[in-house]
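# Coordinate inspection notes
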Amino acid sequence: HKAFFVMKPGKKFLESFFILDAKLEEFPVYKVVQPSKTRYAHFIRLYAASDVDKIVLSLIEKSYLFIGKKQ
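Residues numbered from 1 in each chain as written. Predicted model: local features only at pLDDT ≥ 70, side-chain atom pairs only at ≥ 80, totals over all residues. Heavy atoms only, no water.

### Re the side chain of Glu15
Secondary-structure assignment places Glu15 in strand E2 (residues 14–20). On the accessibility criterion, Glu15 (16% relative accessible area) is buried. Polar contacts involving the side chain of Glu15 include one to the side chain of Arg45, which spans 3.1 Å. Apart from the residues lying within four places of it in its own chain, the contact partners of Glu15 are Val6, Met7, Lys8, Tyr30, Phe43, Ile44 and Arg45. (Helix = DSSP H or I, 4+ residues; strand = E, 2+ residues; numbered from the N terminus. Buried < 20%, exposed > 50% of the residue type's maximum accessible area, 1.4 Å probe, protein only. Polar contact = N/O pair within 3.5 Å; in protein donor to acceptor, adjacent residues only side chain to side chain. Contact = heavy atoms within 4.5 Å.)

What follows is the structure in structure tokens.
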């Protein structure tokens, strides 16, 4: 198994990141790290349940599909 979406609890938000094959520099992404030649880790912060909107769900789904192709 390979992780496609990670959440780490903080005091005021959930620190989360997901993996994609292209770099996105738009809200809600606040930081991007390139751990390999073909992967980009996109970091977001979730402060409330309402932060998990259609955009975030779509990005998580894209990550799931991308990582699923690699196996």
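### Remarks on the pairing of strand E3 (residues 31–36)
Pairing analysis gives four bridges linking E3 to strand E4 (residues 39–46), with the strands arranged antiparallel. Note that in E4 the partner of Lys31 across the bridge is Phe43. Here E3 folds back onto E4 in antiparallel fashion, the turn holding two residues. (Pairing = 2+ DSSP bridges.)

### Overview of the pairing of E4
Of all eight residues in E4, seven are buried, a share of seventy percent or more. Pairing geometry for E2 and E4, over seven bridges, is antiparallel. Bridging across to E4, Ser16 finds its partner in Ile44.

### A closer look at the sheet that holds E3
As summarised here, the arrangement of the four strands in space is E1-E2-E4-E3, forming an open sheet in which the pairing is antiparallel. For this open sheet the edge positions go to strand E1 (5–9) and E3, each flanked by a neighbour on one side alone. Averaged over all neighbouring strand pairs, the angle between strand axes comes to 25°, with direction disregarded. (Axes fitted to C-alpha atoms, helices over the stretch in contact; angles between N-to-C directions.)

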